[in-house]
Amino acid sequence: MTRSKIQTNIVYRHLQNSTGKIAIHEGGTRSGKTWNVLLFLVFDYCLSSKGRTITICRKTFPSVRATVMRDFLTILKQYGLYREENHNKSNSEYKLNGNLIEFISVDQPQKIRGRKRDILFINEANELDYEDWQQLVFRTQEKIIIDYNPSDEYHWIYDKVIPRDDADFYRTTYLDNPFLEQSIVEEIERLKETDEQYWQIYGLGQRGISKATIFKYYETDKIPDDAEFVSYGADAGYTNDPSTLVSVYKKDYNLYIQEHLYRTMMTTKDLSDHFKQVGVGRNTIFFDSAEPRLIDELRRMGHNIQPSLKGRDSVNAGIDLLKRFKIHITKDSDHAIQEFRNYKWQEDRSGKLTNKPVDKNNHIIDAVRYATYSLLSRPNFGKYAVQ
């Protein structure tokens, strides 16, 4: 099979012309990004060389199996390249012309931190955390290719990957895919009238705010002098999750948030020392009520620690309370900004939003909830001085 006989679009040519280590393919739905990346890997890498390892990755393995792996096998069969004996189904690997193509997900940590690879393709890269990306990049020797729909207004890809001097950036839309059925084109263009945000993201391939994003916030240089101090809030972590500390202020219907701590491997004494360093004094720190031992230890060290107010649906109740305010975050609160950018509602299989938040990007947000819900949900808040 020669390249002249395969049906490709501009994405394929972008990859042929890419000289940087990283090729970034941002764009709308059905632009042919994933299909053409796979064609490129098969015909420009595997059939032109031997002895290479190519890793194809996505966030979860069910999504790998249902999308990019299925497309890869379809391409092999379509062009008469598939051989049953070359397909190791138990390991999700395929050998093509002396090259190994492996399919992995980042929920298989032993694989992303395992052996080196020559080529890396991350499908729907905006699903990954920055740590996932970094671990994969550390073990990739030659080319890295990523694709994604720009459904996040803010993302580490925009801040840490696109600006790299060894990255080539490309944007495509459904209009770049001449092989789309007219019915699909009409369905995409229907978004112009039915859903402006989806049209911007999936039609035009431009960055937009996902409907799943829970909070809108504003960055501020400083907390106003006349803002009323509400409380401190803290959340406990250790190995994987960070311990956090924030202070929250209120002025009318505005909340102001300052981040003071976001760090793993903090012992109880470390936390106590940091609270003193910040100057918490005898101000109240509302802490996760699921940590009674830690609360008791910190109290014995002289801190005014109170368990957070919890109850049925307290997470959603806390989110609802925060959404009643205009949220301002100080510009030096990097982790707080990152979490408020990326905290989202879960979606069901049909893409419909649920009322349950995704349990990630919430360590600072939990601390803010503890500080605010424990006080502001009380009808008499503001009638008494905060101790």
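My aim in this report is to walk through the structure given alongside it, one point at a time. All of these numbers come straight from a predicted model, not from anything done at the bench.

### Digging into the overall build of the protein
Looking only at helices and strands, the protein has 15 helices and 17 strands in total. Reported as C-alpha extents along the three principal axes, the dimensions of the protein are approximately 80 × 50 × 40 Å. Across the 387 residues in the protein, those meeting the buried criterion constitute 52%. Here the contacts in the protein between residues at least 6 apart in sequence split such that 66% fall between residues at least 24 apart. Of the side-chain charges in the protein, 56 are positive and 54 negative, and the distance between the mean point of each set is 3 Å.

### What about the packing of helix 11 (residues 268–278) against helix 12 (residues 292–300)?
Where helix 11 contacts helix 12, the two axes come as close as 10 Å, and the packing angle between them is 50°. Regarding the angle of helix 11 to helix 12, the classification is oblique. By crossing handedness, the relation of helix 11 to helix 12 is classed as right-handed. Two secondary-structure elements touch here, helix 11 through Thr268, Leu271, Ser272 and Phe275 and helix 12 through Arg293, Leu294, Glu297 and Leu298. Taken together, the residues that form the contact of helix 11 with helix 12 break down as four nonpolar, two polar and two charged.

### Quick word on the sheet that holds strand 15 (residues 326–330)
The strands making up a sheet associate through backbone hydrogen bonding, with each pair oriented either parallel or antiparallel. In spatial order, the strands read 9-15-12-11-10-13-14; together these seven strands make up an open sheet with mixed pairing. In this open sheet, the two strands that pair with only one neighbour each are strand 9 (217–220) and strand 14 (305–307). Strand-to-strand twist of the sheet, defined as the mean angle between neighbouring strand axes without regard to direction, takes the value 30°. With seven bridges connecting them, strand 10 (residues 228–235) and strand 11 (residues 243–251) associate as antiparallel partners.

### Digging into the packing of aromatic side chains
Under the criterion given, the structure shown has 16 aromatic pairs. Between phenylalanine 215 and tyrosine 343 the ring centres are 6.1 Å apart and the planes differ by 10°, which places this aromatic pair in the stacked class. Linking phenylalanine 215 in the loop between helix 10 (196–203) and strand 9 with tyrosine 343 in the loop between helix 14 (334–342) and strand 16 (345–347), this pair joins segments that are 128 residues apart in sequence. Members of the aromatic cluster, joined through ring pairs, are Phe72, Tyr82, Tyr94 and Phe103. Its guanidinium or amino end placed over the ring of tyrosine 82, lysine 77 lies 5.0 Å from that ring's centre, counting from NZ or CZ.

### Regarding the side chain of histidine 303
With respect to the element layout, histidine 303 can be found in the loop between helix 12 and strand 14. Of the residues examined, histidine 303 reaches a relative accessible area of 6% and is grouped as buried. The contacts of histidine 303, once residues within four sequence positions are left out, are Ser272, Phe275, Lys276, Arg282 and Leu298.

### What about helix 11?
Listed as buried for helix 11 are Thr268, Leu271, Ser272, His274 and Phe275. One side of helix 11 holds all its buried residues, which, seen down the axis, span an arc of 165°. Exposed side chains of helix 11 directed beyond 90 degrees from the buried face belong to Lys269, Lys276 and Gln277. Against strand 11, strand 12 (254–263), strand 13 (285–287), helix 12 and strand 14 lie the buried residues of helix 11.

### Quick word on the sheet that holds strand 3 (residues 87–88)
Taken together, the eight strands give an open sheet; going across it, the order is 3-4-5-2-6-7-1-8, and neighbouring strands pair in mixed fashion. Two strands in the sheet have a free side with no partner beyond their single neighbour: strand 3 and strand 8 (167–172). Two strands pair when backbone bridges link them, and strand 2 (residues 53–58) and strand 6 (residues 117–122) are joined in this way by four bridges, in the parallel orientation. What sits directly across from isoleucine 54, in strand 6, is isoleucine 119. Across the face of the sheet, helix 2 (residues 33–46) comes into contact with strand 1 (22–27), strand 2, strand 4 (93–96), strand 5 (99–105), strand 6, strand 7 (140–148) and strand 8 while running at roughly 155° to strand 7. Those strands touched by helix 6 (residues 130–138) are strand 1, strand 2, strand 5, strand 6 and strand 7, and its axis lies near 145° from that of strand 7.

### Quick word on the packing of helix 1 (residues 10–17) against helix 2
Across the interface, helix 1 lies against helix 2 with an axial gap of 8 Å and an inter-helix angle of 50°. As summarised for this structure, helix 1 and helix 2 are arranged oblique, according to the angle between their axes. The handedness of the crossing between helix 1 and helix 2 comes out as right-handed. When helix 1 is examined against helix 2, the residues Val11, Tyr12, Leu15 and Gln16 are found in contact with a partner set consisting of Lys33, Asn36, Val37, Leu39, Phe40, Phe43 and Asp44.

### Quick notes on the nonpolar core
Side chains of nonpolar character tend, in soluble globular proteins, to be buried together. Leu41, Ile56, Phe72 and Leu76 are the most contacted members of the largest nonpolar core, which has 34 residues in total. For this core, the secondary-structure elements that each account for two or more residues are helix 1, helix 2, strand 2, helix 3 (61–66), helix 4 (68–78), strand 4, strand 5 and strand 6. Of all the elements, helix 2 adds the most residues to this core, at nine residues. Among the nonpolar cores identified, the runner-up in size contains 28 residues, and Ile257, Ile329, Ile337 and Ala367 belong to it.

### Some remarks on the pairing of strand 4
Taken together, the two bridges between strand 3 and strand 4 define a ladder with antiparallel strand orientation. Each residue of the ladder has a partner; that of asparagine 88, found in strand 4, is glutamate 93. Hairpin connection, strand 3 to strand 4: the antiparallel pair is bridged by four residues, and serine 92 has positive phi, about 55°. Relative to strand 5, strand 4 runs antiparallel, the two sharing four bridges. Its bridge partner being in strand 5, tyrosine 94 is matched across the sheet by isoleucine 101. Here strand 4 hands over to strand 5 after two residues, with asparagine 97 in that stretch at a positive phi of 55°.

So, how was this worked out
Residues numbered from 1 in each chain as written. Predicted model: local features only at pLDDT ≥ 70, side-chain atom pairs only at ≥ 80, totals over all residues. Heavy atoms only, no water. Helix = DSSP H or I, 4+ residues; strand = E, 2+ residues; numbered from the N terminus. Buried < 20%, exposed > 50% of the residue type's maximum accessible area, 1.4 Å probe, protein only. Contact = heavy atoms within 4.5 Å. Lys, Arg positive; Asp, Glu negative; His and termini not counted. Charge placed at Lys NZ, Arg CZ, Asp CG, Glu CD. Axes fitted to C-alpha atoms, helices over the stretch in contact; angles between N-to-C directions. Parallel < 35°, antiparallel > 145°, perpendicular 65-115°, else oblique. Left-handed = near helix turned anticlockwise from the far one by under 90°. Nonpolar A, V, L, I, M, F, W, Y, C, P; charged D, E, K, R; others polar. Pairing = 2+ DSSP bridges. Phe/Tyr/Trp six-rings, centres within 6.5 Å; stacked < 30°, edge-to-face > 60°. Lys NZ or Arg CZ within 6 Å of the ring centre and 35° of its normal. Arc of directions from axis to C-beta. Core = buried A, V, L, I, M, F, W, Y, C linked by side-chain atoms within 4.5 Å.

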